[in-house]
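Residue strings, one per chain:
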Amino acid sequence: MTDKNDRTLTSSGFYVSQEAPIHAENPIATPSSPAPDILRCAYMELVVTDLAASREFYVDVLGLYVTAEDDESVYLRSTEEFIHHNLVLRKGTVAAVAAFSYRVRTPEDLDRAVAFYTELGCEVRREPGGFTQGIGDSVRVVDPLGFPYEFFHDVQHVERLSWRYDLHTPGELVRLDHFNQVTPDVPRAVKFMQDLGFRVTEDIQDDAGTVYAAWMRRKPTVHDTAMTGGDGPRMHHVAFSTHEKHNILAICDKLGALRRSDCIERGPGRHGVSNAFYLYLRDPDGHRVEIYTQDYYTGDPDNPVVTWDVHDNQRRDWWGNPVVPSWYTEASLVLDLDGDPQPVVARTDDSEMEVTVGADGFSYTRKDDDGGVQGFKLGATL
Ligand SMILES: [Fe+2]
């Protein structure tokens, strides 16, 4: 439950606390079966409508490495990856996400995943030979929030290309960093993900306790996934890391040189949340890809949870730049285990876009200013 007495205002303008100050009014029951021990987000399976166009975007423009490919699929990985792939592009008729895939610590964690989701009444399928090339025994589920998840441990190792500087580009994508999911009820999603073993690192709220977004991690970074409030289940973005922020600027320059600046949806900029440098791109199907770098270590058990005020105009961009409306409203469909799109449920809680960039959606730069020109400004330049 949000308790402002337990939060400390920092000199940077956000609050810190020890527990996620988020209370679910409509929680999913906690299973008695233990959750699988998740290591990290490992790959996304993305359905694309024009495989050649998507391959050109992810390989020729962004520089991901092809581990394998055939007429139906392309398996891609980032520079530092030693498992078979971080992204599968699969040809299909509806652009959507087929799986958010997580690696688990041991083969026995797949048994735990089966028991955990079966107890929740979810659809669960297990494929001893894997659902995709390069991956062994795997479990796929549709979780109670409507998202298609995969869990695996067994995977084919491939060469880590960190030392192959002869292959690297100025905008080298070195790691898969995180997923971002759109869901109508963020507190319900957070509580379920906590049951799955995730810990909240940051969130955005208002004074009434409405939660607009939350960031959650397994690996010791700011997140493996974030829950963004909106009509869902949908996929907001998949994010790859560069080593440095100049690598992100190089990607912008390359897109300009290619006359592909229309791929750039938002940024480059510095996030308030996560403190990372960012750029949002849209692929040929409109799937959103974030390029991300330089967040911070979160692995200690008493890592402070950061809470941002939704009216702080530096929360999503530390420089106060407005967020374009498409970033709030557009996202990719997700599929069920038969490959059909999941129905999208409307958010009923307040919309972050409406409360910050709507007709009277004033945000502040300095919270205690009196509303004069210097302290407040419209959240968008619509
Ligand atoms: Fe992100």
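Summary of the structure given here. Given the structure is predicted, the values throughout are model-derived calculations rather than measurements. (Residues numbered from 1 in each chain as written. Predicted model: local features only at pLDDT ≥ 70, side-chain atom pairs only at ≥ 80, totals over all residues. Heavy atoms only, no water.)

### Considerations on the coordination of the iron ion
Phase 1: Protein-derived coordination of the iron ion comes from H178 (NE2), H237 (NE2) and E290 (OE), at a distance range of 2.0 to 2.1 Å.
Phase 2: For the iron ion, the donor residues sit on a single chain with the sequence spacing H-x58-H-x52-E. In this pair, H178 sits in strand 11 (residues 175-183) while E290 sits in strand 18 (residues 288-293), placing the two residues 112 residues apart along the sequence.
Phase 3: A relative accessible area of 0% places H178 in the buried class.
Phase 4: On the basis of relative accessibility, which here comes to 1%, the residue E290 falls in the buried class. (Donors = N, O, S within 2.8 Å, 3.2 Å for Na, K, Ca; no water. Helix = DSSP H or I, 4+ residues; strand = E, 2+ residues; numbered from the N terminus. Buried < 20%, exposed > 50% of the residue type's maximum accessible area, 1.4 Å probe, protein only.)

### Comments concerning the nonpolar core
Phase 1: One finds Y58, Y149 and F151 to be the most contacted residues of the largest nonpolar core, which totals 64 residues.
Phase 2: What Y149 contacts, discounting residues up to four positions off in sequence, is F100, Y102, Y117, V139, R140, V141, D143, Q181, M193, L196 and M227.
Phase 3: Listed in part, the 14 residues of the second largest apolar core include F14, I204, V306 and V310. (Core = buried A, V, L, I, M, F, W, Y, C linked by side-chain atoms within 4.5 Å. Contact = heavy atoms within 4.5 Å.)

### Quick notes on empty space enclosed by the protein
Phase 1: On inspection of all chains with the given rule, the structure shows 3 cavities of 30 Å³ or more.
Phase 2: In this structure, the largest cavity occupies an estimated 100 Å³ of space.
Phase 3: Lining the largest cavity are 15 residues, and of these W215, H271, V273, Y280 and R316 lie nearest its centre.
Phase 4: Counting residues per element, the ones that place at least two in the lining of the largest cavity are strand 11 and strand 18.
Phase 5: Looking at the lining of the largest cavity residue by residue, the classes come out as 5 nonpolar, 6 polar and 4 charged.
Phase 6: As for the second largest cavity, its lining consists of R7, Y15, Q205, D206, D207, T307, W308, D309 and K367.
Phase 7: When residues of the lining of the second largest cavity are assigned to their parent elements, the largest contribution, 3 residues, is made by strand 19 (residues 305-309).
Phase 8: Residue composition of the lining of the second largest cavity, grouped by class: 2 nonpolar, 2 polar and 5 charged. (1 Å grid on protein atoms, 1.4 Å probe; cavity = no way out; pocket = protein on both sides within 12 Å on 5 of 7 lines; lining within 4 Å. Points joined across faces, edges and corners; volume = space filled by probe spheres on them. Nonpolar A, V, L, I, M, F, W, Y, C, P; charged D, E, K, R; others polar.)

### Some thoughts on the pattern of salt bridges
It is possible for side chains bearing opposite charge to pair when their charged atoms get close.
Phase 1: Counted by the stated rule, this structure contains 24 salt bridges.
Phase 2: Note that R126 and D111 form a salt bridge whose closest N and O atoms lie 2.7 Å from each other. With a gap of 15 residues between them, R126 in strand 8 (residues 124-127) and D111 in helix 2 (residues 108-119) connect regions that are remote in the sequence.
Phase 3: In this structure R126 comes out as partly exposed when scored by relative accessible area, which is 35%.
Phase 4: Exposure remark for D111: the relative accessible area of 42% places this residue in the partly exposed category.
Phase 5: Salt-bridge contacts for E330 lead to R282; the nearest nitrogen and oxygen are separated by 3.1 Å. Of this pair, E330 sits in the loop between helix 5 (325-329) and strand 20 (332-334) while R282 is found in strand 17 (residues 277-282), placing the two residues 48 residues apart along the sequence. (Salt bridge = Lys/Arg side-chain N within 4 Å of Asp/Glu carboxyl O.)

### Notes on the pairing of strand 19
Phase 1: When you tally the buried positions in strand 19, you get 5 out of 5 residues, the bulk of the element.
Phase 2: Of the two faces of strand 19, the one carrying V305, T307 and D309 and the one carrying V306 and W308 are both buried.
Phase 3: Relative to strand 19, strand 2 (residues 15-17) is paired through 3 bridges, and the arrangement is antiparallel. Across the sheet, the residue bridging to V16 is V306, located in strand 19.
Phase 4: For strand 12 (residues 199-205) and strand 19, the ladder comprises 4 bridges, and the chain directions are parallel. Bridging across to strand 19, I204 finds its partner in W308. (Pairing = 2+ DSSP bridges.)

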